[in-house]
Amino acid sequence: MVIKAWFDALTAKQARIVAVLGMEGRRHDIDFIITCRRYDYVEEVLDMFNLHYECVGYHGESPREKLIRGIERQLALLDVIRDFDVHVSLTSPDAVRVAFGLGKPIIALTDTAHSYFVNKLTLPLANTIIAPSAIPMSEWSRYVSSAEIDKIRAFDGIFELMWINRFKPTGDSIARLGIRSKEFVVIRFEESRASYYGYGDRSRLLIRMAKSILERGYYVVMFPRYPYQEELIKSELGLFLRLGKLIIPKNMRLDGIDLSWHARLVITGGSTMAHEAALLGTPAISYFPQHYYIDDYLINKGLPLYRCVDEDCLNVLESVLRADITHVDTNSVLSRMEDPTRLIINEIKRFVNEGK
């Protein structure tokens, strides 16, 4: 019997999760039906792995628009998803609501205890919650009652291990961009319009950091998330764009992991790219302005991840570049961390077998 698991990918990170699950699932007779949302680099990552998917709906920005887009997307998903046994997602509110309404079991993956609104809409409806053990159980009590706390399955690792453990550098990414290994820095803007991000725009701080890096002679590869961020790059750093020292990749099907492997440094306002880089052994700076347990977990394991907030970021940047650490061997650390792929696959099989 083939199990049909529906996965809804909302971000590039989630696209990588389902890419790994799809590959591993075939060994266990699990067929993944993939839907996604038209946002950021989601479709580009899915295409990179030659996955079949259907993209439905868009990402809202204001609270009202998020609500409208969400309702529209739920109705659209009902037309796309006809037959499945279990739903899996990294807390997709629209997909979880649809799966719950159809009476299907829900496996929620999460590593963002701070994402209050999304967690409120999804975790109470989940049959199982899979989360890193680095996040204290007390954090989940805001979303799950004490009677249901045992539905949380914790693992000693992070989701990014799912693809980092399967990665081999090729150099294809830098060949496409025409740059050499360790002569560039990767910069990713913050997710300023996410429901959890109430910290104000930090784009100008990132522009200052980029300018400092460019003036040192490095190339910079920048990934804006929104059109206004790209316009800011063009207006403030236009000279470097024209000189070819600053690159904004578009529609290039670049493997971001390969790019991070070859980078001198990765800077991000989110977490995923910083965590990926640190696991690979590439120094990374995260300027996400809230305490994040996963950061503590990786730093305590000796991985090259650095945190900063506001003006302190310029000092941290100076310190990291001055230290001249280009790569750290992380194999021994990674070998002691838990890849959650097997746990997710086993939970899918458990729900289907229990439902027979």
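For the structure itself, look to the data block above.
Notes on the structure in this doc start here. (Residues numbered from 1 in each chain as written. Predicted model: local features only at pLDDT ≥ 70, side-chain atom pairs only at ≥ 80, totals over all residues. Heavy atoms only, no water.)

1. Description of the state of the cysteines
Threshold: By disulfide we mean two sulfur atoms from cysteines, separated by a distance within 2.5 Å. The helix count covers DSSP runs of H or I at least four residues long, the strand count covers runs of E at least two residues long, and both are numbered beginning at the N terminus.
Under the criterion given, the structure shown has 2 disulfides. Residue pairing for C36: its cysteine sulfur links by disulfide to C55, the two sulfurs lying 2.0 Å apart. Across the S-S bond linking C36 and C55, the dihedral sits near -125°, which makes this disulfide left-handed. Highlighted residues: C36 in strand β2 (residues 30-38) and C55 in strand β3 (residues 54-58), separated in sequence by 19 residues. The disulfide partner of C308 is C313, and the S-S distance across this bridge is 2.2 Å. Its torsion about the S-S bond being 90°, the disulfide of C308 and C313 is classed as right-handed. Numbered in order of appearance, the disulfide-bonded cysteines of the protein chain are paired 1-2, 3-4.

2. Some remarks on the packing of helix α3 (residues 63-80) against helix α4 (residues 93-101)
Formally: Convention adopted: a line fitted to C-alpha atoms gives each axis, helices being fitted over their contacting stretch, and angles between N-to-C directions are expressed from 0 to 180 degrees. Roughly parallel means an angle under 35 degrees; roughly antiparallel, over 145; roughly perpendicular, 65 to 115; everything else is oblique. Left-handed describes a crossing whose near helix is turned anticlockwise from the far helix through less than a right angle; right-handed describes the clockwise counterpart. In what follows, a contact means two residues having at least one pair of non-hydrogen atoms within 4.5 Å. Residue classes follow a fixed rule: Ala, Val, Leu, Ile, Met, Phe, Trp, Tyr, Cys and Pro count as nonpolar, while Asp, Glu, Lys and Arg count as charged, and any other residue, Gly among them, counts as polar.
Their axes nearest at 9 Å, the elements α3 and α4 cross at an angle of 50°. In this view, α3 runs oblique relative to α4, as classed from their interaxial angle. Handedness of the α3/α4 crossing: right-handed. On α4, the residues touching G70, R73, Q74, L77 and L78 of α3 are D94, A95, R97 and V98. Class assignment for the residues of the contact of α3 with α4 results in 4 nonpolar, 2 polar and 3 charged.

3. Comments concerning the packing of helix α1 (residues 12-25) against helix α17 (residues 341-354)
Two quantities define a packed helix pair, namely the angle between the helix axes and the distance between the axes. In the contact formed by α1 and α17, the axes pass within 10 Å of each other and the chain directions differ by 65°. You can see that α1 and α17 cross each other, and the crossing is right-handed. For the pair α1 and α17, the contacting residues are V20, L21, E24 and G25 in the first and T341, I344 and I345 in the second. The residue inventory of the contact of α1 with α17, partitioned by class, reads 4 nonpolar, 2 polar and 1 charged.

4. A closer look at the pattern of salt bridges
Basically, it comes down to this: Any Lys or Arg side-chain nitrogen found within 4 Å of a carboxyl oxygen on Asp or Glu counts as a salt bridge. Each residue is assigned to one of three classes by its accessible area relative to the maximum for its type, calculated with a 1.4 Å probe on protein chains only: buried under 20%, partly exposed between the two thresholds, exposed over 50%.
Scanning the entire structure with this criterion turns up 24 salt bridges. Close ionic contact of R16 with D255 constitutes a salt bridge, the shortest N to O distance being 2.9 Å. Of the two residues, R16 is situated in helix α1 and D255 in the loop between β10 (246-247) and α12 (256-262); the sequence distance between them amounts to 239 residues. Take R16: its relative accessible area is 7%, and that puts it in the buried class. Measuring nitrogen to oxygen at the nearest pair gives 3.3 Å for the salt bridge that ties R204 to E236. Here the residue R204 occupies a position in helix α9 (residues 203-215), and E236 occupies one in helix α10 (residues 227-236), the gap between them amounting to 32 residues. For R204, a relative accessible area of 52% puts it in the exposed group. Look at E236 and you get partly exposed, because its relative accessible area is 41%. Beyond isolated ion pairs, a larger network of salt bridges with shared partners links E24, R27, R166 and D339.

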